[in-house]
Amino acid sequence: MENEQDKIIYEVTGNEYKYGFVTNIEADTIKKGLNEDVIKTISSRKNEPDFMLEWRLKAYEHWLKMKMPAWAHLTLPEINYQEIIFYSAPKQSAKLNSLDEIDPELKATFDRLGIPLDEQKKLSGVAVDAVMDSASIKTTFKESLADLGIIFCSMSEAIREHPDLIKKYLGSVVPYTDNFFATLNCAVFSDGSFVYIPKGVRCPMELSTYFRINAENTGQFERTLIIADEGAYVSYLEGCTAPKRDQNQLHAAVVELVALKDAEIKYSTVQNWYPGDKNGNGGIFNFVTKRGICKEDNSKISWTQVETGSAITWKYPSCILKGNNTSAEFYSVAVTNNHQQADTGTKMMHIGKNTKSRIVSKGISAGFSQNSYRGLVKVLKNAENARNHSQCDSLLLGNNCGAHTFPYIEVDNKEAIVEHEATTSRIGEDQIFYCNQRGISTEDAIGLIVNGYAREVLKQLPMEFAVEAQKLLQISLEGSVG
Amino acid sequence: MNNETNTSPGKNVLVEDYNNNYKEIFKQTPDFINNIRQTSFKEFDLSGLPSKKDENYKYTNIEAAFLGAYKRQFSKQKLTIDVNEVFKCDVPELDNYLVLVNGWFYEKEKLLTKYNNGAIIGSLIEASKQYPEIVKKYYGKNLTKQKNSLSSLNMAFAQDGLFVYLPKNIIINEPIQLINLIVATEELMVQPYNLIIAEENSSANIVICDHSLNPQSFLLNSTFEVIANKNSKLEIYRQQNAHDHSVQITNTFISQKENSFVNSVNITLNGGTVRNNLYVELNEPHAINKSYALWLADKNQHFDNNVHVHHLSPECESFQLYKGIVDNSSTGIFSGKILVDKKAQKTLAFQSNKNLLLTNDAKVRSKPQLEIYADDVKCSHGSATGQLDEDAMFYLRSRGISKKESCQLLMQAFADEVINKILLEPLRNEINNLVEKRLRGELSRCNRCKVNCGQ
């Protein structure tokens, strides 16, 4: 299995982006552009209840008053929102009951992606909720999870079947007024994953979603909501790939995590969207709002991300530490090569007493890329005994790239201890010399050193991902060393 | 970035004032300065006062600070007091100082002195008349690169200020001291402009003390332009000690050439609302800049320290240590940026900010930033906010030292790290004294000074 995986990753992330194939599936798309009718169409196609439509329209109205944020250290091109198709779902007739019924071509796509649904089901024990252009195709392992009372389904299904949970939690962490991209997402989100872990249940397997942007000119507007009830535990994996296209594509997702009393949520991402070609043409714009709330006492949220893809990344997975004795972690490796730009980091809001947070961010920039860490640690007045430690390191490969650190620290409580440290440097010549001397080529040596550098983060990933991520790192940087 | 013209009540008053009084302002200075006034004014008119939406002024409401009914003096006014009688600087060995009262030089005999070795020290306005060729070469030249609307404002209204010219190979061991006094019977806005030029191989120590002599509120918006040429060495010490109803803004621009060394230490003891902007440009190889700051904020005071170091050339070094003790319901802010250009390879840069937060009503904001475009560099920064070390406290307490005294000792130790960077011994001792007293909660004015500055 592992060898096979290695092979796939090699195929995928070699110098040319190998996921760049277009699946010829009849897609059910609507006209490009954004207006109230489009939102109504999306809502009605998904058979949504009225409260959802109202919420979407409210968000849309608010969005019209907003401006695209310009504060990030990114060169953002003008985005014409009237040129984007906001909904595209592969056309399917009826609901499917078994894997065999899935459109063979669609299935082949997944096979090429290295996630053969049936194999995965048997071998790796990972339940995959594969999302292809906005509509959830097939949710595996649903039955065995259902036995434990776990709800793992697509967002549209959840809206239809669990409206109470949706009403209670959707938008409770990222409200529809939150920011430009999140508000846009609220108005037009197409689908996503919904997870509910009931009281005291420890989810027996890693839950996973694969996103794929397929139809041309469609933005992928994912909406994910994970709720861990009292004492529950869940680990969730998210992986992304997108086919190759010249025009930029927009991805504005929202992820909300809610951890109730004693609950723990672990959210891992390996993001490998199409980064554009060597000259910086095309690629995905990845503008994502991710936020979790440790709502009640003793809960814990952990974000781990490995960001290697996308032309532009604007992403700040954050935690609100509201309950007492809650803790949050953020582990990130962001790699940028060629003309990629990334502005990523986190926000830790300490509200409850005895809260702890830890930030480890490793940036690697190569080629002509710009890589920024931007983070906020805020300790409110009543957050007694808060503790934070942040470490943000940047590695520069080549002298045409940039690495930046923009941390914000705001402390209003005298018992807080907040520490931040950051370093920026390149790979030491002595380190490379040491490897060369032992017969390791420079290219391999750099892969080795980069992996060692990112190890602290990689080891946080679940097994299935860790191997993949390590390879990804090495391959993303291929050709960047002169 | 912002195309809309910025308007705020504070700005409108300033613009109006300039338009009504520019003739009187122009009379003070030669044409080349007045030309710079005009362009600076236009810049200010366009950008306006920085608002809270401005990323660099996120934590300090400058617009509000300008709302007072401040009067401006466009020319030298008659003094009602004898400065030498009311003010006496009590740092031993520092007795030959220059006094700037409300932004003007008054002492006729000390207006501008040319020493035997060629050094020129005194009033800037006087220097611009007597030595226009020197002043013209440097006046406002470094500021144009930095778009800072507060320094543009200063340059538009610029009053008198300190002028120091150190010719080639001249080393002055005796410190050059400037006392910035504010003695006002009405609310004043004072905007001095100071120019310090160190030619090749020269060296000097400069001490600047900001004082207020009576409790009348005032706004001081001063600019310092420092040019350190090849192989020069400058030590710049600044002590800010004014009353709580004041607003003090300093804009310091340091431009360094090859192999120059500038060490600056800034101690803020008191001052209501303080905003210090320090811009450093390392233009040629092997230049070294070290800057240190210490602020002791209490009551409702608001101290905002900003430092921007720009490495333009390879093989330069910069180092910053900024420490703050924040008490009562005061706010202590640090914002630093190290910017390394693509060609500035082999840069060494380090930045550190440490804060002691003593109460839950006090606030600390810290924003250490790195922006790096070169790969062969070693840059790091750190920021830590917390309270006194428990272990150290326990150690002291277990030896029978009272809690209060232990706190005092530890805070003193915390401050020492910055104070020790003052290489002028008498000044260091004096500041040590002041800091100790200040930490003990005693009056923090200079001990032999009889002036009631309303603290």
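Cut-offs used in this document
- Residues numbered from 1 in each chain as written.
- Chains lettered and ligands numbered in written order.
- Predicted model: local features only at pLDDT ≥ 70, side-chain atom pairs only at ≥ 80, totals over all residues.
- Helix = DSSP H or I, 4+ residues; strand = E, 2+ residues; numbered from the N terminus.
- Rg over C-alpha atoms; globule rule 2.2 N^0.38 Å.
- Buried ≥ 20, exposed ≤ 12 C-beta atoms within 10 Å, placed from the backbone.
- Contact = placed C-beta atoms within 7 Å.
- pLDDT = per-residue confidence, 0-100.
- Nonpolar A, V, L, I, M, F, W, Y, C, P; charged D, E, K, R; others polar.
- Pairing = 2+ DSSP bridges.
- Expected span 1.5 Å × (residues − 1).
- Axes fitted to C-alpha atoms, helices over the stretch in contact; angles between N-to-C directions.
- Parallel < 35°, antiparallel > 145°, perpendicular 65-115°, else oblique.
- Left-handed = near helix turned anticlockwise from the far one by under 90°.

### Focus: the overall build of chain B
Right, so step 1: A count of helices and strands for chain B gives ten helices and 22 strands.
Right, so step 2: A compact globule built from 455 residues should have a C-alpha radius of gyration of about 23 Å, and chain B, at 21 Å, falls within 12% of that.
Right, so step 3: Principal-axis analysis of the C-alpha atoms gives chain B an extent of 70 × 55 × 55 Å.
Right, so step 4: Within the span of chain B, comprising 455 residues, buried residues form 53% of the whole.
Right, so step 5: Residue pairs in contact within chain B that sit at least 24 positions apart in sequence constitute 83% of those at least 6 positions apart.

### Some thoughts on the overall build of chain A
Right, so step 1: When its secondary structure is counted, chain A shows twelve helices and 23 strands.
Right, so step 2: Split into buried and exposed, the 482 residues of chain A put 55% on the buried side.
Right, so step 3: Of the contacts formed within chain A by residues at least 6 apart in sequence, a portion of 83% connects residues at least 24 apart.

### Let's talk about the confidence of the model for chain A
All names here are of chain A.
Right, so step 1: Mean pLDDT over chain A works out to 81, with 77% of the residues at or above the 70 mark.
Right, so step 2: Ranking the elements of chain A by mean pLDDT puts helix α5 (residues 117-123) last, at 43, and strand β16 (residues 318-321) first, at 96.
Right, so step 3: Considering only residues more than four positions removed or in separate chains, one finds that residues 8-15, a stretch of pLDDT under 50, has 15 contacts.

### Structural notes on the interface of chain A and chain B
Size of an interface, as often reported, equals the accessible area lost when the parts are brought together.
Right, so step 1: Taken together, the contact between chain A and chain B spans 31 residues of the former and 31 residues of the latter.
Right, so step 2: Elements represented by at least two residues in the side of chain A that touches chain B include exactly β21 (387-397), β22 (402-411) and β23 (417-426) of chain A.
Right, so step 3: Taken together, the residues of the side of chain A that touches chain B break down into 13 nonpolar, ten polar and eight charged.
Right, so step 4: Across six bridges, β22 of chain A lies against strand β21 (residues 363-372) of chain B in antiparallel orientation. By the bridge assignment for β21 of chain B, Val411 of chain A is matched with Val364 of chain B.

### Re the pairing of β22 of chain A
Residue and element names in this part refer to chain A.
Right, so step 1: β22 sits mainly inside the fold: ten of its ten residues count as buried.
Right, so step 2: Here β22 shows no split at all, with Gly402, His404, Phe406, Tyr408 and Glu410 on one side and Ala403, Thr405, Pro407, Ile409 and Val411 on the other all buried.
Right, so step 3: Of the strand pairs in this sheet, strand β20 (residues 370-379) and β22 are connected by ten bridges, and their pairing is parallel. Bridge pairing links Asn371 to Ala403 in β22.

### Concerning helix α1 (residues 9-28) of chain B
Residue and element names in this part refer to chain B.
Right, so step 1: Here α1 spans 27 Å end to end across 20 residues, near enough to the 28 Å set by a 1.5 Å rise per residue.
Right, so step 2: Residues of α1 that are buried include every one of Lys11, Leu14, Tyr18 and Ile25, and no others.
Right, so step 3: Where the residues of α1 are buried, they touch α2 (31-47) and α7 (149-157).

### A few points about the environment of Ile42 of chain A
Residues and elements named next belong to chain A.
Right, so step 1: Among the structural elements, Ile42 can be located in helix α2 (residues 36-45).
Right, so step 2: Residue Ile42 is classed as buried on the basis of its 23 C-beta neighbours within 10 Å.
Right, so step 3: Linking Ile42 and Phe86, residues 44 residues apart in sequence, is a C-alpha distance of 8.4 Å.

### Description of the confidence of the model for chain B
Right, so step 1: Residue-level pLDDT values for chain B average 89, and 94% of them are 70 or greater.
Right, so step 2: Counted against residues more than four places away or in other chains, residues 446-455 of chain B, with its pLDDT under 50, gives 26 contacts.

### Considering helix α9 (residues 403-419) of chain B
Right, so step 1: With 17 residues, α9 of chain B ought to run about 24 Å at 1.5 Å a step, and its terminal C-alpha atoms sit 24 Å apart, in line with that.
Right, so step 2: Contacts made by the buried residues of α9 of chain B are with β14 (261-270), β16 (288-297), β18 (317-326), β20 (348-357) and α10 (425-440) of chain B.

### Things to note about the packing of α2 of chain A against helix α3 (residues 50-64) of chain A
When two helices pack together, their arrangement is given by the angle between their axes and by how far apart the axes lie.
All names here are of chain A.
Right, so step 1: Two elements in contact, α2 and α3, have axes whose closest approach is 10 Å; the angle formed by their N-to-C orientations is 150 degrees. Put simply, α2 runs roughly antiparallel to α3. Of the two elements, α2 crosses α3, and the hand of that crossing is right-handed. Touching Glu36, Ile39, Lys40 and Ser43 of α2 are Met52, Leu53, Arg56, Leu57 and Tyr60, all from α3.
Right, so step 2: Broken down by class, the residue content of the contact of α2 with α3 amounts to five nonpolar, one polar and three charged.

### Here's the deal with the environment of Ser327 of chain A
Residues and elements named next belong to chain A.
Right, so step 1: With respect to the helices and strands, the residue Ser327 is situated in strand β17 (residues 327-336).
Right, so step 2: A residue is classified by how many C-beta atoms lie within 10 Å of it, and Ser327, with 20 of them, is buried.
Right, so step 3: A C-alpha to C-alpha distance of 40 Å links Ser327 and Asn80, two positions 247 residues apart in sequence.
Right, so step 4: For Ser327, the residues in contact, after removing those within four places along its chain, are Lys300, Thr355, Lys356 and Ser357.

### Topic: the packing of helix α8 (residues 390-397) of chain B against α9 of chain B
Residues and elements named next belong to chain B.
Right, so step 1: One can describe the packing of α8 onto α9 by two numbers: an axis separation of 9 Å at closest approach and a directional angle of 130 degrees. Classed by the angle they form, the pair α8 and α9 counts as oblique. Where α8 crosses over α9, the two elements pack in a sense that is right-handed. Counting all contacts with α8, which are made through Ala392, Met393, Leu396 and Arg397, the residues of α9 involved are Lys403, Ser406, Leu409 and Leu410.
Right, so step 2: Among the residues forming the contact of α8 with α9, the class breakdown is five nonpolar, one polar and two charged.

### Digging into unusual backbone geometry
Residues and elements named next belong to chain B.
Right, so step 1: If you check the backbone angles, Glu315 has positive phi at about 60 degrees while not being a glycine.
Right, so step 2: We note that Lys346 has phi near 60 degrees; this positive angle belongs to a residue other than glycine.
Right, so step 3: With respect to the secondary-structure elements, Lys346 resides in the loop between β19 (331-340) and β20.

### With respect to the environment of Ser369 of chain A
Residues and elements named next belong to chain A.
Right, so step 1: Of note, Ser369 is situated in the loop between β19 (356-366) and β20.
Right, so step 2: Overall, the presence of 27 C-beta atoms within 10 Å leaves Ser369 in the buried class.
Right, so step 3: C-alpha separation for the pair Ser369 and Trp314, spaced 55 residues apart in sequence, amounts to 14 Å.
Right, so step 4: Not counting residues up to four positions away in its chain, the partners in contact with Ser369 are Thr336, Asn337, Asn338, His339, Gln340, Gln341 and Cys401.

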